[in-house]
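# Chains, contacts and geometry: an overview
Single-letter residue listing:
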Amino acid sequence: MELLLRWQHPKQGILSANEFIDDIRLVGLAIPVAEYVLERACEIALALKMEGISVPISINVFGAELLSESFIEFIDYTMLNHQLSPGAIIIECPASMLAELDEQEIAMISRLKNLGVKMCVDSFGDAPLVLAKLPALRFEYVKLSRNMTQEPEHMGHTKSLVKGIVEMHQEKHCRVIGEGIESLGQLEFVKSIGTVAAQGFYFSRPQNSNILISWLKQRLPQ
């Protein structure tokens, strides 16, 4: 599951993260907001653990400034404080950001992995990505973007390309997730090409975290 950041704006209503993240970064609040999101994710992960539900929680890193010593130390402290097992938290990095990482930032990703945090390439296919960097980064997950999980009849020859991408990552022991799934046809397509999981409105619209556990209990096998 993915933890989504929303802002209850006094005039514009509920805004999604892509509508205000750039402003947050501009005024220097990226790390405080990221710390809040991470702590909330750890609280949910702990609640799931106490209910015996083994489902990882993923959050998004929205800028390379979060690959900093202080933020990674905060991650380490927060996960230990919530007594979370390795793999309970997945951090998603935009594919566009990964293309611009320097050696120090790549080293910080390795540090995160050593802390037991799983890493995911988010929205693979939306932006150019230097594939040569992936072996060094060794991400556990790759999430196919929406334009790679469209209705099969709209994809044409792209289907073979997407299947090849999935097979390439499987050979590197990287799990592929299909996002943007809104129909049974899309779900059947991503299953047919070997993805390990799928995400999208076909399963559920975003929900308040307060009702998350009861929603999961109704759907997970006992």
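Relevant structure appears above.
Figured I'd write up the structure that's included with this text. (Residues numbered from 1 in each chain as written. Predicted model: local features only at pLDDT ≥ 70, side-chain atom pairs only at ≥ 80, totals over all residues. Heavy atoms only, no water.)

## Things to note about the nonpolar core
Of all hydrophobic cores here, the largest spans 62 residues; its most connected members are Ile 89, Ile 91 and Leu 144. Considering each element in turn, this core owes the most residues, 10 residues, to helix α2 (residues 30–50). In contact with Ile 89, not counting residues within four places along its chain, are Leu 38, Ala 41, Cys 42, Ala 45, Ile 57, Met 79, Leu 84, Val 117 and Lys 118. (Core = buried A, V, L, I, M, F, W, Y, C linked by side-chain atoms within 4.5 Å. Buried < 20%, exposed > 50% of the residue type's maximum accessible area, 1.4 Å probe, protein only. Helix = DSSP H or I, 4+ residues; strand = E, 2+ residues; numbered from the N terminus. Contact = heavy atoms within 4.5 Å.)

## Notes on the side chain of Ser 183
Structurally, Ser 183 can be placed in the loop between β7 (175–178) and α8 (184–192). Of note is the side chain of Ser 183, whose polar atom sits 2.5 Å from the side chain of Glu 151. What Ser 183 contacts, discounting residues up to four positions off in sequence, is Glu 151 and Tyr 202. (Polar contact = N/O pair within 3.5 Å; in protein donor to acceptor, adjacent residues only side chain to side chain.)

## Overview of the layout of surface pockets
The calculated volume of the second largest pocket comes to roughly 180 Å³. Every residue lining the second largest pocket is listed: Ala 45, Leu 48, Lys 49, Ile 53, Ser 54, Val 55, Pro 56, Leu 84, Ser 85, Pro 86, Gly 87 and Ala 88. (1 Å grid on protein atoms, 1.4 Å probe; cavity = no way out; pocket = protein on both sides within 12 Å on 5 of 7 lines; lining within 4 Å. Points joined across faces, edges and corners; volume = space filled by probe spheres on them.)

## Describing unusual backbone geometry
Positive phi values are uncommon outside glycine, yet Gln 83 reaches one of about 55 degrees. Inspection of the secondary structure assignment puts Gln 83 in the loop between α3 (69–81) and β4 (89–94). For Gln 83, a relative accessible area of 59% puts it in the exposed group. Of note, the phi angle at Ser 123 is positive, near 55 degrees, even though the residue is not glycine.

## Some details on α3
Taking 1.5 Å of rise per residue, 13 residues should cover 18 Å, and α3 covers 18 Å from first to last C-alpha, within 8% of that figure. Every buried residue of α3 is accounted for by Phe 71, Ile 72, Phe 74, Ile 75, Thr 78 and Met 79. Within α3, the buried residues cover an arc of 155 degrees as seen down the axis, which keeps them to one side. In α3, the exposed positions that point more than 90 degrees away from the buried face belong to Tyr 77 and Leu 80. Looking at the buried side of α3, the elements it contacts are α2, β4 and α5 (103–114). In the segment just after α3, Gln 83 is the residue with positive phi, at about 55 degrees. (Expected span 1.5 Å × (residues − 1). Arc of directions from axis to C-beta.)

## Observations regarding the sheet that holds strand β5 (residues 118–124)
The six strands lie next to each other as β3-β4-β5-β6-β7-β8, forming an open sheet whose pairing is parallel. Of all the strands in the sheet, the pair left with one neighbour each is β3 (57–60) and β8 (197–198). Direction of pairing for β4 relative to β5: parallel, over a ladder of five bridges. Pairing of Pro 94 across the sheet is with Asp 122, part of β5. (Pairing = 2+ DSSP bridges.)

## Some details on the pairing of β7
The pairing of strand β6 (residues 141–144) with β7 spans four bridges and is parallel. Its bridge partner being in β7, Lys 143 is matched across the sheet by Ile 177. In this region the chain leaves β6, passes through helix α7 (residues 158–171) and returns to the parallel neighbour β7; the handedness of that crossover is right-handed. The sheet contact formed by β7 and β8 spans two bridges and is parallel. Bridged to Ile 177 within β8 is Ala 197. Handedness of the crossover is the feature at issue here: the chain leaves β7, passes through α8, returns alongside β8, and the resulting connection is right-handed. (Right-handed = clockwise from strand over helix to strand, strands pointing away.)

Such coordinate-based values are descriptive only and should not be taken to indicate function.
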